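The lines below spell out each chain.
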Amino acid sequence: MSQRKRTEIAELGEFGLIDTLTRNATTANKRTIRGVGDDAAVVAAGRDDAMLISTDTLLEGIDFDLTYFPLKHLGYKAVTVGVSDILAMNALPEQIMISIGVSAKLPVEALQDLYEGIDFACRELGVDLVGGDTTASMTGLVINITTIGRAKRKAISYRSGAQFNDLICLTGNLGSAYMGLQLLEREKRVLKDVENPEPQFGGYEYLLQRYLKPRARKDIVEALAEEKIVPTSMIDISDGLASEVLQICKASKCGARIYLDRIPIAKQTSALAEEMHVDPVVAALNGGSDYELLFTVPLAMQEVMRLGMVDIIGHITRETTGAYMVTPDGNDIRLRAQGFKE
Ligand code: ADP
Ligand code: MG
């Protein structure tokens, strides 16, 4: 009898693994408009409307470190992570469900802090916490967030809609959350054996805030609606710009050119990157956890700049051309995505 072949997960990477596992996931219900493959699933709700659903899991030791992550902030961030995927479809979030796996090492008060952050984010975003689940965990804190949103079907932006010559737009700045994480990790290393640790964050508070308490860009989706702009494609930056551009290219069957000198990088990001001997561009391209929005609009829609919080960082090319970034001195470098998140 032949033995079943053993494939290491690392051989496939995160996206290869998802593709392999969901290869046979067909959609038979007529109300399922979009299944696996975008930031959220899309389900018809009435003639013109749709409901959007997404889920995200945060694991202690993988996605966060409780030695420096205040639980109130973690609750806030969990909501941002969940809501961001709904916003990335150009839809507005309405409800969330939170499931937690709790280890006995956490007192009730710590979990109350977590929920204080969750409640605060919900109020800020106009989202209702409508349910969840609570279990015990042997491996540290587990948080799962399911988010439900709503949109007019015609207003939904999929990853697959980018067209030749479209402008590639980006909100906010990149790499700051990654540098915030590097700073926290550095202070953790330095203060490992110190009795009363006093971490040095002087001058870099913005970076900490970007990593510990990132804001979901609901303002952008509202501003787009006000200007009656429906992006041809959209995705949120959870894994880093390079990975997200490649996702749009794959789904839309197109190429892209990103101009490196147009990628917005905050002053504190460059300053800490220099201090820590990290390339700020690498932080921006591969850092992740920014929860900014990347979207495309037709070339004629330069007025997207009027939104005031958006930069045009490149444009869509033909699939055969591939996805490249252009350095300030005019060299083309092929875009590559990193593997697993953080
Ligand atoms: P995001 O970073 O936007 O949260 P992911 O990269 O986690 O998206 O997932 C990409 C797509 O694959 C999404 O449509 C998601 O619903 C789907 N997906 C991820 N993991 C699984 C899984 N284990 N089973 C089914 N679908 C999955
Ligand atoms: Mg996403």
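Rules of the game
Residues numbered from 1 in each chain as written. Chains lettered and ligands numbered in written order. Predicted model: local features only at pLDDT ≥ 70, side-chain atom pairs only at ≥ 80, totals over all residues. Heavy atoms only, no water. Domains from an automatic or database assignment. Contact = heavy atoms within 4.5 Å. Buried area = accessible area lost by both parts, 1.4 Å probe. Salt bridge = Lys/Arg side-chain N within 4 Å of Asp/Glu carboxyl O. Polar contact = N/O pair within 3.5 Å; in protein donor to acceptor, adjacent residues only side chain to side chain. Helix = DSSP H or I, 4+ residues; strand = E, 2+ residues; numbered from the N terminus. Nonpolar A, V, L, I, M, F, W, Y, C, P; charged D, E, K, R; others polar. Near = heavy atom within 4 Å. Areas by Shrake-Rupley, 256 points an atom, 1.4 Å probe, with all protein chains shown as cover.

Undergrad: Explain the domain arrangement of the protein residue by residue, including any values.
TA: What the domain assignment reports for the protein is domain 1 (9-155) and domain 2 (159-190 + 203-334). Between domain 1 and domain 2, the C-alpha centre-to-centre distance is 22 Å. Taken together, the contact between domain 1 and domain 2 spans 32 residues of the former and 29 residues of the latter. For the domain 1 and domain 2 pair, buried surface summed over both sides reaches about 2500 Å², with 56% attributable to carbon and sulfur atoms. Taken together, the connections running from domain 1 to domain 2 amount to five salt bridges. Residue Asp-19 is joined to Lys-250 by a salt bridge in which the shortest nitrogen-to-oxygen separation is 3.3 Å. Viewed at the interface, domain 2 and domain 1 are joined by ten residue pairs in polar contact (both at pLDDT 80 or more). Contributing elements (two or more residues each) for the side of domain 1 that touches domain 2: helix H1 (9-21), helix H2 (71-87) and helix H3 (108-125). No other element matches the nine residues that H2 contributes to the side of domain 1 that touches domain 2. Among the residues forming the side of domain 1 that touches domain 2, the class breakdown is 15 nonpolar, seven polar and ten charged.

Undergrad: Explain the site of ligand 1 to me, using residue names and the numbers behind them.
TA: With respect to spatial proximity, twelve residues lie near ligand 1, and among them Gly-37, Asp-38, Asp-39, Asp-85 and Arg-159 are the closest. Between ligand 1 and Ser-238 there is a distance of 3.4 Å, counted from an oxygen atom to a side-chain nitrogen or oxygen. With the chains in place, 64% of the 560 Å² that ligand 1 exposes on its own is no longer accessible. Tallied by class, the residues present in the shell around ligand 1 amount to three nonpolar, three polar and six charged.

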